[in-house]
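A closer look at the structure
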Amino acid sequence: MTPLRYILLTTLFLLLTACAQESAAPKSTTQLRMGTLVTITTWGVPDNIEQQAVTAGFQEIERIEQLMSRHLPNSPLSQINGTVDSAPHPIPHEIWQVLNLGIEIDQLSQGAFDMGLLALTKLWGFSEEPPPTTPPAAQAINNWLKNRPSPPRIVLKEPDLLQLDPQTGLDLGAIAKGYAIDQAIATLRAQGVENAIVNAGGNLRIIGSKGGKPWRVGVQHPRDPSRVTAVSLLSGDIALVTSGDYERFFLFEGQRYHHILDPKTGYPAKAGLISVSIQCPEAITADALSTAIFVLGQQKGLELINKHFPNCAALLIDDKENHLQTEKYIGQWLTDR
C-alpha cells in the first residue's frame, strides 16, 4: 500500500491479442487502488454482469485498503498502532487473520518476515514524499536495533485479540495487498465470474482461463524494465507475486538501497537475490513468502518453501542474473531476451 510514484511493476501482465473473428475477448478495467494501478480483467462474462462484478471487486479492494493501510490516519490499523499499552485489545477479525498468517511465516522464516517494522520503514522513507535519495544515518539505525523490543512483539489471542508491544508499529505492506487480491477474486466469483485476473501492481491471481486457453503473464527483467525474463501460461486458480530490489530504490555512492528491509540488520536485504517470484494457490501467502525468501536468500529460502509450503513454487534471480526455479514453478525462462 505504497504511493504510485514508487511502484515499478514487478510482474508484467501480458494479454494475448484476440483475433477479430472471436466472439469474446478479455475486458479490462484499471483503477488506482492501494497506491498502485489495479487491473481487473474478465473473459466470457456478459456486459451487465461484468460491470457489476468488476465494480464490486474494486470496492472490495478499497475496503481492505481502508481497513489495513498504515497511511490512512483513521484506519483500524492506524488506530492499533496508536495503542499506548501492551494489554490485549480487540481488533477486526480480518486483521487478526492476516496477522495470524504473517506470524506463522515470521516464525518459519526465523524473523525474515516481520510485520512490526513501522518505525524502521518510516526511517528509510521509501513510502514517503519526497522519495529518499540518501540512507538514514547509521546511528539512527543502530538506535532502532538497540531499542527494538525483544520478541514476541506481536501476540494474538482468541477471539480477535491483539497484544502489541507499544514500541512496535504494524506495517502490513508485504501481505495486505495479497489479501486484497484474494478478496477481490472471491468477490468476482460470488458475482458469477469464472474467468478473471486481478493484477495489483504486477502481483496477481488468476482464475479460470481465456476461452479455454491459459492466461499469459511475464516476469519483468530486474535490470531492464523493457524486457520480460520469464513467461508463465497459467490457468485454473493460482497467484503469482514478485518482490525485487528494483521496485522502490535509490542509488547512493554507487550502492543500491531498496525497500525490502532485513529486520536483523535494519538495512536493505543483501542475501544475493534481486528478484523473487512466488506461485501459490493464494496471493496472500505468495505475497509474504516473496519478501521472506528475498531476505533469507536462495538456500534458506528454498528450504522454507520446500519444507513448509509444498503447494507453492519459486523463481529466484540472483545478483549475477542467474536464475533458479523450483520443480513446480510454471514458467519458461527466456534465455534469448
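Up top is the structure.
Report follows, based on the coordinates. (Residues numbered from 1 in each chain as written. Predicted model: local features only at pLDDT ≥ 70, side-chain atom pairs only at ≥ 80, totals over all residues. Heavy atoms only, no water.)

A short note on the sheet that holds strand β4 (residues 89-90)
One open sheet holds the three strands; their spatial order is β4-β6-β5, and the pairing between them is antiparallel. At either end of the open sheet lies a strand with only one pairing partner, and these are β4 and β5 (154-157). The pairing of β4 with strand β6 (residues 161-164) spans two bridges and is antiparallel. Along β6, the bridge assignment pairs P90 with L161. Docked against the sheet, helix α3 (residues 93-108) engages β5 and β6, running at close to 125° with respect to β5. (Pairing = 2+ DSSP bridges. Helix = DSSP H or I, 4+ residues; strand = E, 2+ residues; numbered from the N terminus. Contact = heavy atoms within 4.5 Å. Axes fitted to C-alpha atoms, helices over the stretch in contact; angles between N-to-C directions.)

Quick notes on the packing of aromatic side chains
The final tally for this structure, using the stated rule, is five aromatic pairs. Arranged with centres 6.0 Å apart and planes meeting at 10°, the rings of W124 and F126 form a pair that is stacked. With relative accessibility at 2%, the residue W124 sits in the buried group. According to the relative accessible area criterion, F126 is buried, its value standing at 5%. Ring centres of W124 and Y267 lie 5.8 Å apart, and the angle between their planes is 75°; this geometry places the pair in the edge-to-face category. Placement of the pair is W124 in helix α4 (residues 118-124) and Y267 in the loop between β13 (255-258) and β14 (273-280), with a sequence separation of 143 residues. (Phe/Tyr/Trp six-rings, centres within 6.5 Å; stacked < 30°, edge-to-face > 60°. Buried < 20%, exposed > 50% of the residue type's maximum accessible area, 1.4 Å probe, protein only.)

Concerning the sheet that holds strand β15 (residues 313-318)
With antiparallel pairing, the eight strands of this open sheet are ordered in space as β2-β3-β7-β8-β11-β14-β15-β16. On the outer flanks of this sheet lie β2 (27-33) and β16 (323-325), each paired with one strand and no other. Neighbour-to-neighbour, the strand axes of this sheet turn through a mean angle of 10°, independent of strand direction. Note that β15 and β16 share three bridges and pair antiparallel. Within the sheet, the bridge partner assigned to L315 lies in β16 and is Q325. Where helix α1 (residues 47-68) meets the sheet, its contacts fall on β2, β3 (36-42) and β7 (196-200), and the angle it forms with β2 comes to roughly 20°. Sitting on the sheet, helix α8 (residues 298-308) touches β14, β15 and β16, and the angle it makes with β15 is about 175°.

As for the nonpolar core
Formed by 68 residues in total, the largest nonpolar core has its most connected members in M68, L99, L162, L172, I175, V198 and I278. For this core, the element with the highest residue contribution is helix α7 (residues 283-296), accounting for 10 residues. Discounting chain neighbours no more than four positions away, the residues touching L99 are I91, M115, L156, L162, L170 and L172. The next biggest cluster of nonpolar side chains, apart from the first, holds 16 residues, and it includes L204, W215, I274 and I317. (Core = buried A, V, L, I, M, F, W, Y, C linked by side-chain atoms within 4.5 Å.)

Things to note about the pattern of salt bridges
Under the counting rule described, the total for this entry stands at 13 salt bridges. The salt bridge involving K27 is made with D47; its shortest N-O contact spans 2.2 Å. Placement of the pair is K27 in strand β2 and D47 in helix α1, with a sequence separation of 20 residues. Judged by relative accessible area, which is 27%, K27 ranks as partly exposed. By relative accessible area, D47 is classed as exposed at 55%. Among the salt bridges present, the one from R63 reaches E60, with a minimum N-O distance of 2.7 Å. (Salt bridge = Lys/Arg side-chain N within 4 Å of Asp/Glu carboxyl O.)

Remarks on the packing of α1 against α3
Between α1 and α3, the least distance of the axes is 10 Å, while the angle of their chain directions is 80°. Of the possible angle classes, the one that applies to α1 and α3 is roughly perpendicular. When α1 is examined against α3, the residues R63, I64, L67 and M68 are found in contact with a partner set consisting of E94, I95 and V98. Residue composition of the contact of α1 with α3, by class: five nonpolar, no polar and two charged. (Parallel < 35°, antiparallel > 145°, perpendicular 65-115°, else oblique. Nonpolar A, V, L, I, M, F, W, Y, C, P; charged D, E, K, R; others polar.)

Some thoughts on the pairing of β14
Within a regular strand, side chains alternate between the sheet's two faces. Of all eight residues in β14, eight are buried, a share of seventy percent or more. With six bridges joining them, strand β11 (residues 236-244) and β14 adopt antiparallel strand pairing. Across the sheet, the residue bridging to T242 is S277, located in β14. Bridging between β14 and β15 involves six bridges; their strand directions are antiparallel. Its bridge partner being in β15, V276 is matched across the sheet by L316.

Observations concerning the environment of F250
Summarising the element assignment, F250 is placed in strand β12 (residues 249-252). According to the relative accessible area criterion, F250 is buried, its value standing at 6%. For the pair F250 and T265, spaced 15 residues apart in the sequence, the C-alpha separation amounts to 19 Å. Once residues lying within four places of it in the same chain are set aside, the contact partners of F250 are W124, F126, P132, T133, T134, P135, Q255, R256 and Y257.

Observations regarding α3
Taking 1.5 Å as the rise per residue, α3 with 16 residues should run 22 Å; its terminal C-alpha atoms sit 23 Å apart, in good agreement. Of all the residues in α3, the buried ones are E94, I95, W96, V98, L99, L101, G102, I103 and I105. As for α3, its buried residues are in contact with α1, α2 (76-81), β5, β6, α6 (176-190) and α7. Of the residues trailing α3, Q110 is marked for its positive phi of about 55°. (Expected span 1.5 Å × (residues − 1).)

Coordinates in, geometry out; function isn't part of it.
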